[in-house]
Protein chains: 2
Amino acid sequence: MTRRDIFAKQARVLKALANESRLMIVDRLNRGECTVGELTELVGSDASTVSKHLALLRAHGIVEDRRQGNLVYYRLLTPCVCNFFTCATQVLKERSR
Amino acid sequence: MTRRDIFAKQARVLKALANESRLMIVDRLNRGECTVGELTELVGSDASTVSKHLALLRAHGIVEDRRQGNLVYYRLLTPCVCNFFTCATQVLKERSR
DNA sequence: TGGCGACTTGGCCATATAGCCAATAGAGTG
DNA sequence: CACTCTATTGGCTATATGGCCAAGTCGCCA
C-alpha cells in the first residue's frame, strides 16, 4: 500500500463526514445511540435521505446499527471523529482573524 | 448563529480537507513551508489544479501564502488539522475489523 | 521593454453528491 | 393473512467537484 493510497483512503473517511447532515447525526450519536426516526426529525430531511447518510457512515465504519423490533438504532463506532468538531472550530476561528 | 449554521460551517472545513491531493499538500506542509512548484510535483496534477487546491485551502484559513521573488511559499496555518490523519486511520482500522 | 519562469484564473467536461418521491422490505399486530 | 409502522432502496435531477488546457498576471533580469 503506497503512501498515496493511504491519503486516498483517509480522504474518503473525511468525505464521509464532510456534510452538514452527517455532522448533525454524528454529534447526536456522540450523546448516545438513537433511532433513525429521531435522527430524521433532527436533520429535517426526507427519511430516505437520512437513511442514505446512515448507510454511508456505516459503510465507512463510523456508525453501527442494530434492529430491535421495527426500530433501528444507530450508534457511534469511532467517537474520535468528534475531535473533528474541535479542529474545525479552530480553523474557523483562524479564518476570522 | 444557530447550531445548524455551525454544522454547516464545520462541514465546509472538512470538505476542504476531504480530498486526496489536498491531504498530500497538508501532510507536506506539516513538515514545513514549501513552494507551489514542489507541491505540484508531489501531487502530480497540473499546476493549475494544484493552485486551485491551494486557493481553496487558503480560503478556508487552513494555509497561508507569501511571495518571495517569483516563488510563492505556502505554510500550514492550523496544524491541528493533522489530527485528522490520526482519526481517519482509526476509522479505517475500525472498518477492517 | 521584452522575454521568461512561476503561479493563478477562466472555461470546459466528466463524475459524484444530496436531495426528493415512489416503491420495496421487515417486524409486529389484529 | 392483511395492515401498519419503520426504515431502506431505486430512480431521477440539480448542483458541486476536480481535472486539464489555454490564457493571463506578477516579478525578475537581460
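I will try to describe carefully the structure that is included in this document. (Residues numbered from 1 in each chain as written. Chains lettered and ligands numbered in written order. Predicted model: local features only at pLDDT ≥ 70, side-chain atom pairs only at ≥ 80, totals over all residues. Heavy atoms only, no water.)

Section: the overall build of chain A
Rule in force here: Comment: elements are numbered from the N terminus, with helices defined as DSSP H or I runs of at least four residues and strands as E runs of at least two. Exposure categories follow from relative accessible area, calculated using a 1.4 Å probe and restricted to protein chains: below 20% of the type maximum is buried, above 50% is exposed, and the middle band is partly exposed. Residue contacts are defined here by distance: any two heavy atoms, one from each residue, within 4.5 Å place the two residues in contact. In short, Shrake-Rupley with a 1.4 Å probe defines the accessible areas, and a residue's cover is counted only from the protein chains shown. Only four residue types enter the charge count: Lys and Arg as positive, Asp and Glu as negative, with His and the chain ends excluded. Charge placement uses NZ in Lys and CZ in Arg. For Asp and Glu, CG and CD serve respectively.
A tally of helices and strands in chain A yields five helices and three strands. When its helices and strands are written in sequence order, chain A yields α-α-β-α-α-β-β-α. Projected onto the principal axes, the alpha-carbon positions of chain A cover approximately 45 × 40 × 20 Å. Burial statistics for chain A: of 97 residues in total, 48% are counted as buried. Residue pairs in contact within chain A that sit at least 24 positions apart in sequence constitute 51% of those at least 6 positions apart. When the accessible surface of chain A is totalled, it reaches about 5000 Å², and 48% of it is carbon and sulfur. Taking the average place of the 16 positive charges on the side chains of chain A and the average place of its 10 negative ones, the gap between the two points comes to 8 Å.

Considering the pattern of salt bridges
All names here are of chain B. Worth spelling out the cut-off: Here, a salt bridge means any Lys or Arg side-chain nitrogen found within 4 Å of an Asp or Glu carboxyl oxygen.
Evaluated as defined, the whole model comprises 14 salt bridges over all chains. Linking Asp-27 and Arg-31 is a salt bridge whose minimum nitrogen-to-oxygen distance equals 3.1 Å. Among the salt bridges present, the one from Glu-33 reaches Arg-66, with a minimum N-O distance of 2.3 Å. Remark: Arg-66 occurs in strand β2 (residues 63–68) and Glu-33 occurs in the loop between α2 (20–29) and β1 (34–35); sequence separation between them is 33 residues.

Looking at a positive patch on the surface
Definition in use: Each patch is built from residues that are more than 30% exposed by relative accessible area and take part in no salt bridge. Like charges join if they lie within 9 Å; nonpolar side chains (Val, Leu, Ile, Met, Phe, Trp, Tyr) join within 5 Å.
A cluster of like positive charges, contributed by Lys-9, Arg-12 and Lys-15 of chain A together with Arg-95 of chain B, occupies part of the molecular surface. The element contributing the most residues to the positive patch is helix α1 (residues 3–17) of chain A, with three residues. Checked against the element boundaries, Arg-12 of chain A lands in helix α1.

Take it as geometry only, folks, not as evidence of what the structure does.
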